[in-house]
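The lines below spell out each chain.
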Amino acid sequence: MSKDDQNKRQEWHISTRITQLGRNPFDHFGFINTPTYRGSTVLFPNVEKLETLGQNYTYGTKGTPTTRALEQAWTELSGAHDTVLVPSGLAAIDLALITATRAGAHILVTDSVYQPTRSFCDTILKKFGVIVEYYDPLIGKNISSLIRPDTTAILVESPGSQSMEIQDVPAISSVAQAHDICVILDNTWATPLFYPPHQRGADIAIEAGTKYLSGHSDILIGLISANERWSKRLRSTFNSFAIGASPDDASLALRGLRTMALRLRAQERAGLEIARWFNEQSEVAQVLHPALPDHPGHHLWQRDYLGSSGVFSVIFKPVEKKSLDAFINSLQLFGIGFSWGGYESLVLPFDCQSYRTATHWKTIGPAVRFSIGLEDSNDLIKDLRKGLNYLSL
Ligand SMILES: *Cc1c(COP(=O)(O)O)cnc(C)c1O
């Protein structure tokens, strides 16, 4: 893909651009999609090519035309300088953190972070001598008071996992820039379609492509994009670990990319409809959806986001555990399970209180996360309405 192609695409709406990115049919006999290239060894036609590494592909761990197609598509979509692919979203976060810190350094991690990220920080990073400090996700520019001379990275995740706090990434980023600190953003919820991560101040952005990029709950993949300042270091860490995503998964992710804008818009619409419906139910204490005006982070969401995806949380009024369980068990259209972003709706009870350390997370009743899929929203609401009867028994 040449710079000219890229400039031409800038004029198009994002829905158009995602149909064009990461493919070049006439490199592949005119076939529309980039084929799945599997391979370890790549042959060189002669010794000179071998010695100069004078060709596009040199070894399977460095990528294939399939993985590179997805990397290039994601780089352009994210407004990044480069992207690497790894086998899961969690691996993406781990690699980003390892790229941006070193033994003895200090990092700041939002208290609302995805729990397995916290686990990685508290075990592997600590084992290698990194000092991990958790901070209040709503800290904004006051993050400056936590910066130390040896702070190397700030991890932000917006909205917060399960609890849905919206972070002021531009404010945090402007403080970080003044101290030459790497801002890593977990952008999985919004995707680059609803939040252009590097434009908002992230140096490195990660996406669990397992969720909305895949859209079908059939692959695990992580994408790490970086701006110009960080892309060389990211690529070098990636090459040392040699944990690339498989070409088959990259191919499925490219297929998912073509419908991602459509799916996200549909899930945004249905998500909002259902969140508003929950807001009117007498069993509900609070709906945590940043696109609703009564969400505490709504003003930041409005300022910075281009849309909302289909994941939000609901705090119910106090109720016995067995009634809540009966409600969840009764749902026919909501699977009980981790992850989200697929075509099927999911439900998950959660409690952040047990692992938070910088802030106290307290709700008046039990919390449940919903991921809205591609079903008809009236059918989903009917299913939920029936289920709510279990809460008043
Ligand atoms: C799911 C998720 C991840 C991890 O992705 P996996 O591919 O499941 O490892 C990371 N961050 C967030 C916010 C997620 O929701």
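Residues numbered from 1 in each chain as written. Predicted model: local features only at pLDDT ≥ 70, side-chain atom pairs only at ≥ 80, totals over all residues. Heavy atoms only, no water.

Trainee: It is not clear to me how the overall build of the protein should be interpreted in this structure. Could you clarify?
Mentor: Each helix and strand in the protein was counted, giving 13 helices and 12 strands. Relative to the globule expectation of 21 Å for 393 residues, the C-alpha radius of gyration of the protein, 22 Å, shows essentially globular dimensions. Looking at the protein alone, contacts between residues at least 24 apart form 71% of all its contacts between residues at least 6 apart. As displayed, the protein offers around 17,600 Å² of accessible surface, 53% of which is attributable to carbon and sulfur atoms. (Helix = DSSP H or I, 4+ residues; strand = E, 2+ residues; numbered from the N terminus. Rg over C-alpha atoms; globule rule 2.2 N^0.38 Å. Contact = heavy atoms within 4.5 Å. Areas by Shrake-Rupley, 256 points an atom, 1.4 Å probe, with all protein chains shown as cover.)

Trainee: So what exactly am I meant to see when it comes to the nonpolar core here?
Mentor: General note: in soluble globular proteins, nonpolar side chains tend to be found buried as a group. Residues Ile154, Met260, Phe278, Phe316, Phe327 and Phe370 are the most contacted members of the largest nonpolar core, which totals 83 residues. Counting residues per element, this core draws most heavily on helix H10 (residues 247-279), at 13 residues. When residues of this core are sorted by domain, at least three fall in each of domain 1 (3-256) and domain 2 (259-392). Once you skip the residues sitting within four places of it in the chain, Phe327 turns out to touch Phe316, Phe370, Leu384, Gly387, Leu388, Tyr390 and Leu391. (Core = buried A, V, L, I, M, F, W, Y, C linked by side-chain atoms within 4.5 Å. Buried < 20%, exposed > 50% of the residue type's maximum accessible area, 1.4 Å probe, protein only. Domains from an automatic or database assignment.)

Trainee: Just checking my understanding: could you explain the packing of aromatic side chains for this structure?
Mentor: For any pair of aromatic rings, geometry is given as the distance between the ring centres together with the angle between the planes. For the structure on display, the rule yields 11 aromatic pairs. Through successive ring pairs, a cluster of aromatic residues spans Trp277, Phe278, Phe312, Phe316, Phe327, Phe334 and Phe370. Over the ring of Tyr195 we find Arg200, and its NZ or CZ is 5.6 Å from the ring centre. Seen from the ring of Trp340, Lys211 lies directly overhead, with NZ or CZ sitting 4.5 Å from the centre. (Phe/Tyr/Trp six-rings, centres within 6.5 Å; stacked < 30°, edge-to-face > 60°. Lys NZ or Arg CZ within 6 Å of the ring centre and 35° of its normal.)

Trainee: Is there a simple way to think about the site of the ligand in this case?
Mentor: Taken together, 13 residues surround the ligand, and among them Gly89, Leu90, Asp186, Thr210 and Lys211 come closest. One nitrogen or oxygen atom from the main chain of Leu90 is found 2.9 Å from an oxygen atom belonging to the ligand. One nitrogen or oxygen atom from the side chain of Lys211 is found 2.6 Å from an oxygen atom belonging to the ligand. About the coverage of the ligand: the protein hides 90% of its 380 Å² of free accessible area. With three residues, the top contributor of residues to the shell around the ligand is helix H5 (residues 89-100). Broken down by class, the residue content of the shell around the ligand amounts to six nonpolar, four polar and three charged. (Near = heavy atom within 4 Å. Polar contact = N/O pair within 3.5 Å; in protein donor to acceptor, adjacent residues only side chain to side chain. Nonpolar A, V, L, I, M, F, W, Y, C, P; charged D, E, K, R; others polar.)

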